[in-house]
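# Reading the structure
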Amino acid sequence: MGEFMQLTASDGHKFDAYLAQPSGKPRGGVVVVQEIFGINAHIQSVVDDYAAEGYLAIAPALFDRIEPKIELGYEADDIEKGRDYKTRSETDPALLDIAAARDTVAAAGKVGVVGYCWGGFLAWVAATRIDGFAAGASYYGGGIGAVAEEKPKCPVIFHFGEQDHAIPKEDVAKVKAAHPELTVNMYPAGHGFNCDHRGSFDATSAKVAKERTLELFGAHIG
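About the cut-offs
- Residues numbered from 1 in each chain as written.
- Predicted model: local features only at pLDDT ≥ 70, side-chain atom pairs only at ≥ 80, totals over all residues.
- Heavy atoms only, no water.
- 1 Å grid on protein atoms, 1.4 Å probe; cavity = no way out; pocket = protein on both sides within 12 Å on 5 of 7 lines; lining within 4 Å.
- Points joined across faces, edges and corners; volume = space filled by probe spheres on them.
- Helix = DSSP H or I, 4+ residues; strand = E, 2+ residues; numbered from the N terminus.
- Nonpolar A, V, L, I, M, F, W, Y, C, P; charged D, E, K, R; others polar.
- Phe/Tyr/Trp six-rings, centres within 6.5 Å; stacked < 30°, edge-to-face > 60°.
- Buried < 20%, exposed > 50% of the residue type's maximum accessible area, 1.4 Å probe, protein only.
- Pairing = 2+ DSSP bridges.
- Axes fitted to C-alpha atoms, helices over the stretch in contact; angles between N-to-C directions.

### Comments concerning empty space enclosed by the protein
One pass over the structure, following the stated rule, counts one cavity of 30 Å³ or more. Looking at the largest cavity, its volume works out to about 40 Å³. In this structure, the largest cavity is lined by Phe-160, Gly-161, Glu-162, Asp-164, Ile-167, Lys-169, Val-172 and Met-186. Counting only elements with at least two residues in the lining of the largest cavity, the list comes to strand E7 (156-161) and helix H5 (169-178). The residue inventory of the lining of the largest cavity, partitioned by class, reads four nonpolar, one polar and three charged.

Dropping the structure here:
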């Protein structure tokens, strides 16, 4: 199990992050980027899972710039609140927080970034806009079509659901067209298929996506 700590971004903003230590010497670091529901029990479990795989893992609380301690569930009211927080959040400040999280785990070695939902979008732009990541994984990133042509600074893998009504298939096509050198995986699942707290959870797709992500991280991080 991990614990919360406080980080400071390069612009002076102080915010929480959830950090989990591996049992032995770290293979490297992983920054886990949240959905629109904050650093809730699910995201904490994802961080714990990456620590169990041998990585020093951390999830920055990106909504702290609006309001601290946001941990939402997945009911209709939670979704509405999460969308509101996401709408009020800006990409550049979020990247400053992700960079601070990257720096925190960099002592463990090379660092990867993985994100889900809004975090899937941010994981991609973290890989294209800031230095210091050795690999990235983007799960069903909303709005990713608008930034599909950006050039990543490290290898990136994508995971999308074939029944995802939140991500237009045109967006996935844009990613594939812009980056034939990158792996874009499609799964027989909907949006949020990795989250076992949601009705859209698909255990098989989540398992395969994680295996593929770990394979990429193992090759480029350790």
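### A short note on the packing of aromatic side chains
Where two aromatic rings form a pair, the distance of their centres and the angle of their planes describe that pair. Across all of its chains, the model carries 13 aromatic pairs by this definition. A centroid spacing of 4.5 Å and a plane angle of 35 degrees characterise the contact between Tyr-116 and Tyr-139, whose relative ring orientation is tilted. Of the two residues, Tyr-116 sits in strand E5 (residues 111-116) while Tyr-139 sits in strand E6 (residues 135-139), which places them 23 residues apart along the sequence. Summarising the burial analysis for this pair, Tyr-116 and Tyr-139 share the class buried. Of the aromatic side chains, those joined through ring pairs into one cluster are Tyr-116, Tyr-139, Tyr-140, Tyr-187 and Phe-193.

### Describing the sheet that holds strand E4 (residues 55-60)
Spatial strand order, E1-E2-E4-E3-E5-E6-E7-E8: eight strands in an open sheet with mixed pairing. Unpaired on one side and paired on the other, strand E1 (3-8) and strand E8 (183-187) mark the two borders of the sheet. Ignoring strand direction, the axes of neighbouring strands in this sheet form an average angle of 20 degrees. In this sheet, strand E2 (residues 14-20) lies alongside E1 in antiparallel orientation, the contact comprising six bridges. When the sheet's bridge partners are listed, Gln-6 is paired in E2 with Asp-16.

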